[in-house]
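Chain by chain, the residues run as shown.
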Amino acid sequence: MVNLVREALLERRVTFGTWIQLGHPGIAEILADIGFEWIAADCEHTDISTEGFMSLARGMYGRGPLPLARVRENDTLAIRQILDAGAQGVIVPLVNTAEDAARAVYAAKYPPEGIRGFAFCRANNWGSDFNSYVQEANNNTAVVVMVESKEAVENIKSILAVEGVDGVFIGPYDLSGSFGVTGQTSHPVILDAMRKVAEACKVRRKSAGIHIVKPNKDNIRLAVEDGFTFIALGMDTVFLDEAARNILETAHKGCLEHNERNYR
Ligand code: 3PY
Ligand code: MG
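Keep in mind that what you see is a predicted model, and the values were worked out from it rather than measured.

Trainee: So, the overall build of the protein chain: which residues are in play, and what are the values?
Mentor: Counting its regular elements, the protein chain contains twelve helices and eight strands. Relative to the globule expectation of 18 Å for 264 residues, the C-alpha radius of gyration of the protein chain, 20 Å, shows essentially globular dimensions. Each principal axis of the C-alpha atoms in the protein chain carries an extent, and together these give about 80 × 45 × 30 Å. Here the protein chain holds 264 residues, and the buried ones make up 48% of them.

Trainee: Hey, could you go over the side chain of Thr 97 for me, with residue numbers and the actual values?
Mentor: Along the chain, Thr 97 turns up in the loop between β4 (89–92) and α5 (98–108). When its relative accessible area of 16% is taken as the criterion, Thr 97 is described as buried. Apart from residues no more than four positions distant in its own chain, Thr 97 is found in contact with Glu 151, Asn 155 and Ile 159.

Trainee: Can you explain the sheet that holds strand β6 (residues 167–170)? Please cite residues and give values.
Mentor: Around the barrel, eight strands lie side by side as β1-β2-β3-β4-β5-β6-β7-β8; this closed barrel has parallel pairing. Each neighbouring strand pair of the sheet contributes to a mean axis angle of 25°, computed without reference to strand direction. Judged from the four bridges that link them, strand β7 (residues 207–212) and strand β8 (residues 230–233) form a sheet pairing that is parallel. By the bridge assignment, Ile 210 is partnered in β8 with Ile 231. Across the sheet, helix α4 (residues 76–84) lies against β3 (66–70) and β4, angled at about 150° from β4, the strand it touches most.

Trainee: Describe the site of ligand 1, and please don't skip the residues or the numbers.
Mentor: Every residue close to ligand 1 is listed here: Trp 19, Arg 70, Met 146, Glu 148, Gly 171, Pro 172, Tyr 173, Asp 174 and His 211. Between Glu 148 and ligand 1, the recorded distance is 3.1 Å, taken from a side-chain N or O atom to an oxygen atom. Between ligand 1 and His 211 there is a distance of 2.8 Å, counted from an oxygen atom to a side-chain nitrogen or oxygen. Here ligand 1 loses 93% of its free accessible area of 230 Å² to cover by the protein chains. Residue contributions to the shell around ligand 1 peak at three residues, all from helix α9 (residues 172–178).

The rules we used
- Residues numbered from 1 in each chain as written.
- Chains lettered and ligands numbered in written order.
- Predicted model: local features only at pLDDT ≥ 70, side-chain atom pairs only at ≥ 80, totals over all residues.
- Heavy atoms only, no water.
- Helix = DSSP H or I, 4+ residues; strand = E, 2+ residues; numbered from the N terminus.
- Rg over C-alpha atoms; globule rule 2.2 N^0.38 Å.
- Buried < 20%, exposed > 50% of the residue type's maximum accessible area, 1.4 Å probe, protein only.
- Contact = heavy atoms within 4.5 Å.
- Pairing = 2+ DSSP bridges.
- Axes fitted to C-alpha atoms, helices over the stretch in contact; angles between N-to-C directions.
- Near = heavy atom within 4 Å.
- Polar contact = N/O pair within 3.5 Å; in protein donor to acceptor, adjacent residues only side chain to side chain.
- Areas by Shrake-Rupley, 256 points an atom, 1.4 Å probe, with all protein chains shown as cover.

This is the structure in structure tokens:
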């Protein structure tokens, strides 16, 4: 079966996904029905394990979105285990150089393109689909490398030249830290760096991705206008925080109006 997210990456078609930090499968089930094309489990900044990822992925099957994972680090074992667990693609953090990018691709691909080990695993239905899976896997596994440092922005052309990199993905918070403007993800130097990355992707005909951690109408529009196509909107924790704040604010406002009307 064709991996629709990898296909979209290669065609540079816009896809919207989202992000999970809380490992409960109920979160995956709720988000899976909304219409995102992919959902990434964040194994870098949380304790979502390979087993936790499997539960999240089970919550997505048959509902639409493809399960991706941001792996804990650019590590052969982390990449192999999450792909064996059924991730349709990996988002690899802190890729700063072409060598880093090559290491990520090498870990994600079966020989001769890489060194992913062959085994019966969940991704091939515990061996019952072994032959068809291993034949298709290299074509069907998305490899997206994260650009989240000044060094990575400087090296963007050589990173994009690495065979097997399907796209890059900006981590705005690490990027802002690396440029000395921590947390100011709309700072002109960060917007500049992002545009430089998007432009390099356009020239190289690779997908540019970005995590819009706190999305709104303006930053989504800006990202699309700047040429970003692989877009993660928000994440479970942010959705929960914003919805809870909004409803409490609504309740307080309603109470005030009610009290002012009735108890003057
Ligand atoms: C960052 O902003 O650094 C990220 O990794 C977002 O996922
Ligand atoms: Mg980051």
